[in-house]
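Given next are the chains, with one letter for each unit.
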Amino acid sequence: MIDTFLVSEKTVVTAKGDGPAVDVSAAANRVFLVTLDITNIIEQESLEVSIYGSADDAAWSAKPIVSFPQKFYREQSPMLLDLTKHPDVKFVRAHWEVARWGRGTETPMFEFGLRLKEVPADILKEATAEAKALA
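These numbers were taken from a predicted model, which means no experiment stands behind them.

Rules used in this analysis
Residues numbered from 1 in each chain as written. Predicted model: local features only at pLDDT ≥ 70, side-chain atom pairs only at ≥ 80, totals over all residues. Heavy atoms only, no water. Helix = DSSP H or I, 4+ residues; strand = E, 2+ residues; numbered from the N terminus. Buried < 20%, exposed > 50% of the residue type's maximum accessible area, 1.4 Å probe, protein only. Contact = heavy atoms within 4.5 Å. Areas by Shrake-Rupley, 256 points an atom, 1.4 Å probe, with all protein chains shown as cover. Lys, Arg positive; Asp, Glu negative; His and termini not counted. Charge placed at Lys NZ, Arg CZ, Asp CG, Glu CD. Core = buried A, V, L, I, M, F, W, Y, C linked by side-chain atoms within 4.5 Å. Phe/Tyr/Trp six-rings, centres within 6.5 Å; stacked < 30°, edge-to-face > 60°.

Chemist: Break down the overall build of the protein for me, with residues and values.
Modeler: Per the secondary structure count, the protein includes one helix and nine strands. Classification of the 135 residues of the protein by burial places 40% in the buried group. Of the contacts made within the protein by residues no fewer than 6 positions apart, 81% connect residues no fewer than 24 positions apart. When the accessible surface of the protein is summed, it comes to about 8,000 Å², and 52% of that surface belongs to carbon and sulfur atoms. Positive and negative side-chain charges in the protein, numbering 15 and 20 respectively, have mean positions lying 3 Å apart.

Take a look at the structure:
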């Protein structure tokens, strides 16, 4: 069961960057819960976080597999990362872009973390059945 961080808790960033590669090839299930936790910001700035995939930890996908909507505030945001349609992906990593506008310093500052947790197959099966029943 994979439960790790793509970006360590309370990481402070002031420019765009990439997190370390995380090996997901041993996952029993190819669906993950990714939780973005923004713990500190300054006003008038934005954060964009995306997840990229790789088969070999060398060549990364040209486009993100998933992306969070642009963020402006402290918050915690969950999202599902479904790799079932990407069977070649063995590694994932986070990429972030930051921007700042307005008065004051021109350097953006975000403190955030990004957690990756495998969704157990039984929970996914139960949620899928419940969604179909509600449809």
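Moving on, there is more to tell.
Chemist: Would you mind going over the nonpolar core in detail, with residue names and values included?
Modeler: If you look at the biggest cluster of nonpolar residues, it comprises 30 residues, and the most contacted ones within it are I51, L81, V92, F112, L114 and L116. Of all elements in the fold, only β1 (3-13), β4 (31-41), β5 (45-54), β7 (75-82), β8 (91-100) and β9 (110-118) reach the threshold of two or more residues within this core. The element contributing the most residues to this core is β4, with five residues. Apart from the residues within four sequence positions on either side, V92 is in contact with L6, P20, A21, V22, V24, I51, Y52, W60, L81, L83 and L116.

Chemist: Tell me about the packing of aromatic side chains, and please be specific about residues and values.
Modeler: Two descriptors summarise a pair of aromatic rings, namely the distance from one centre to the other and the angle between the planes of the rings. Under the counting rule described, the total for this entry stands at three aromatic pairs. When the ring of W96 is compared with that of F112, the centres are 5.7 Å apart and the planes differ by 80°; the resulting orientation is edge-to-face. A residue pair is termed long-range when its members are at least 10 positions apart, and W96 in strand β8 and F112 in strand β9 qualify at 16 residues. Feature note: the residues F72, Y73 and W101 constitute an aromatic cluster, connected by ring pairs.

Keep in mind these numbers describe shape, not what the thing actually does.
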